[in-house]
Amino acid sequence: MHESEPASAMELGKLLFSDPILSGNRTVSCASCHKENFAFADTLALSPGVNGRLGTRNTPSAMNMRLQESFFWDGRASTLEEQALIPIENPLEMDLPVDSAIARLNSNAFYQQSFLRIFKENPSKKSLAKALSDFERSLETNNSPFDDWRVNDNEDAVSASAKRGFKLFNTKAKCIQCHFGPDFNNVEFRNIGLFDGRMHVDSGRSAITHKKSDLGKFKIGSLRNIAVTAPYMHNGMFKSLKEVIDYYDNPDLIIPKAMNRDTILIRPLQLTDTEKLDLENFLISLTDRRFLK
Amino acid sequence: MTVMKNTLIILGSIAILSFTFSFTVRDNRILGRWNKIQKTPDGPLDLVFIFRADSTYDGIVNGKAFINGKYFIKNDTISVSDNSCNIAYYGTYRIKYFAQDSLSFTAISDTCKERYEGAHGLRVKKMQKK
């Protein structure tokens, strides 16, 4: 039972996002893996879908999607509408053909009436995608300590350590070369060295483009709300920001024979322990106040 | 001799005053917040640029800080360096104040593609102080 009738596509999408009606055995919803308290990401390296089947990649945050140009770690969807339907059909996630999902919604009086009222038509593939994507578009965050510092000139919003970390981020640590813009990512796909063809075999973007040059490349992730979206990377292999920073500092110590690793990471950064801590504090400052305790 | 001495003192004083004036009186019109609402298929983008007296500036989109850098102005030319590209490199733009509360940017030279695409032809409006 739903408490109130949704008044917009966004509100309808919010209900659907948390409703297991969209999974094959009615046990899993989008919210099962995209957990609100963790910036709509998951705390597990790989999330279980229907019947406990594990996915193959770490659940990315569903927040701050509005300005993105591609979706999923390999960028297989180019619109949020396209993205919204793919997990429903994925056998490892919700495992329900979209046509079956539409049939379910049409036979559910509450949803059938809600779609009719909002879209002036019965539930369809297009309106389902519109509702879910409108909800995702509403999940923007712009109230981090970093924003407060830069937008409101509030010098006390972030610590001196975080300010030093921001400078490092822009210079010695080279993070800015990939993580820039309003969500601290960009539209590119990069190989940060997590593909070696032996232990680490997810080929990433190249499975979509079939280009050898895309081997091991993944979408550059947003850094907003990063403090609450561990574990990190497409495979969730790093449990903490400290581990992430240690990796970037010297990738060869973790994955020595990476293939096609980006030239930005060709040499160790040689960050000191203090610099690593400053970077970590800066990254934490990118997390919205609603998630910072 | 006395006349010449007085003339030199006066000219010297004028020179010193002119020199001092050129460094203490600057064009402060750019200081403050400038705004542009850009329509997109996914809804409006609310862009704000903050130019500060300490020669730093920030760009903000929909309340999210997205760019941070330094600038300096000479006559009608602004030089900008920010973290969207090599921070040591300055792109240059011609700035023009118009309609009492608006400002436009026209590229003179900028090899930073991202910044050029955002700044060339940009027109912003001065935001009123709250």
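Being a predicted model, the structure only gives us computed values, none of them experimental.

Here we come to the overall build of chain B. Looking only at helices and strands, chain B has two helices and eight strands in total. Reading the helices (α) and strands (β) of chain B from amino to carboxyl end gives α-β-β-β-β-β-β-β-α-β. Looking at chain B as a whole, 35% of its 130 residues are labelled buried. Residue pairs in contact within chain B that sit at least 24 positions apart in sequence constitute 27% of those at least 6 positions apart. Here chain B has roughly 8500 Å² of accessible surface; of this, 61% comes from carbon and sulfur atoms.

The eight strands are arranged β1-β2-β3-β4-β5-β6-β7-β8 (chain B) in a closed barrel whose pairing can be described as antiparallel. Here the average twist between neighbouring strands, direction ignored, is 35°. Bridge count between strand β2 (residues 45-51) of chain B and strand β3 (residues 56-61) of chain B: five bridges; the pairing is antiparallel. When the sheet's bridge partners are listed, I50 of chain B is paired in β3 of chain B with D58 of chain B. Here helix α7 (residues 145-152) of chain A sits on the sheet and contacts β1 (32-38), β2, β3 and β4 (64-74) of chain B; the angle it forms with β4 of chain B, its principal contact strand, is near 25°.

All names here are of chain A. One can find H34 in the loop between α2 (30-33) and α3 (80-89). Polar contacts involving the side chain of H34 include one to the main-chain carbonyl oxygen of F40, which spans 2.9 Å. Setting aside residues no more than four positions away along its own chain, H34 makes contact with F17, F40, A41, T59, P60, S61 and A62.

Below, the discussion takes up the nonpolar core. Within the largest apolar cluster, 36 residues are counted, with the highest numbers of intra-cluster contacts made by F146, F169, F282 and L283 of chain A. Listed by contribution, the elements that provide at least two residues to this core are α7, α8 (160-170), α10 (241-249) and α11 (273-284) of chain A together with β2 of chain B. If we ignore the near neighbours within four places in the chain, the residues touching F282 of chain A are F146, A162, G165, F166, F169 and F184 of chain A. Core analysis: the second largest hydrophobic core is formed by 34 residues, A39, M94, F119 and A131 of chain A among them.

With the rule as written, the count across this model stands at one cavity of 30 Å³ or more. By volume, the largest cavity is sized at about 50 Å³. If you trace the largest cavity, you find it lined by F146, R150, F166, I176, G181 and F184 of chain A together with D58, A65, F66, I67, N68 and N83 of chain B. Put simply, the parts of the chain that give the lining of the largest cavity at least two residues each are α7 of chain A together with β4 of chain B.

All names here are of chain A. The omega torsion across A230 and P231 is -5°, close enough to zero to call that bond cis. Relative to the helices and strands, P231 resides in the loop between β2 (218-219) and α10. Here K174, not a glycine, exhibits a phi torsion of approximately 65°, which is positive. Positive phi is not limited to glycine here, since H210 has a value of about 60°. Mapped onto the elements, H210 comes out in the loop between α9 (206-209) and β2. Note on H210: relative accessible area 68%, which makes it exposed.

Under the counting rule described, the total for this entry stands at one disulfide over all chains. With its sulfur 1.9 Å from that of its partner, C85 of chain B forms a disulfide with C112 of chain B. The sign of the S-S torsion, about 75°, decides the handedness of the disulfide formed by C85 of chain B and C112 of chain B: right-handed. Taken together, the residues span a long stretch of sequence, with C85 of chain B in the loop between β5 (77-82) and β6 (91-98) and C112 of chain B in the loop between β7 (102-109) and α2 (113-119) at a distance of 27 residues. Among the cysteines around C178 of chain A, which has no disulfide bond, C175 of chain A carries the closest sulfur, lying 9.1 Å off. C178 of chain A gets classed as buried once you look at its relative accessible area, which sits at 13%.

This brings us to the domain arrangement of chain A. Residue and element names in this part refer to chain A. Here chain A is partitioned into domain 1 (9-137) and domain 2 (145-284). Tallying the contact residues gives 22 residues for domain 1 and 21 residues for domain 2. Carbon and sulfur atoms supply 53% of the area that domain 1 and domain 2 bury against each other, a total of about 1800 Å² over both sides. Where domain 1 touches domain 2, the interface holds one salt bridge. A salt bridge links R57 to D202, with the nearest nitrogen and oxygen atoms 2.7 Å apart. Partitioning the side of domain 1 that touches domain 2 into residue classes produces ten nonpolar, seven polar and five charged.

About the thresholds
- Residues numbered from 1 in each chain as written.
- Chains lettered and ligands numbered in written order.
- Predicted model: local features only at pLDDT ≥ 70, side-chain atom pairs only at ≥ 80, totals over all residues.
- Heavy atoms only, no water.
- Helix = DSSP H or I, 4+ residues; strand = E, 2+ residues; numbered from the N terminus.
- Buried < 20%, exposed > 50% of the residue type's maximum accessible area, 1.4 Å probe, protein only.
- Contact = heavy atoms within 4.5 Å.
- Areas by Shrake-Rupley, 256 points an atom, 1.4 Å probe, with all protein chains shown as cover.
- Pairing = 2+ DSSP bridges.
- Axes fitted to C-alpha atoms, helices over the stretch in contact; angles between N-to-C directions.
- Polar contact = N/O pair within 3.5 Å; in protein donor to acceptor, adjacent residues only side chain to side chain.
- Core = buried A, V, L, I, M, F, W, Y, C linked by side-chain atoms within 4.5 Å.
- 1 Å grid on protein atoms, 1.4 Å probe; cavity = no way out; pocket = protein on both sides within 12 Å on 5 of 7 lines; lining within 4 Å.
- Points joined across faces, edges and corners; volume = space filled by probe spheres on them.
- Disulfide = S-S within 2.5 Å.
- Domains from an automatic or database assignment.
- Buried area = accessible area lost by both parts, 1.4 Å probe.
- Salt bridge = Lys/Arg side-chain N within 4 Å of Asp/Glu carboxyl O.
- Nonpolar A, V, L, I, M, F, W, Y, C, P; charged D, E, K, R; others polar.

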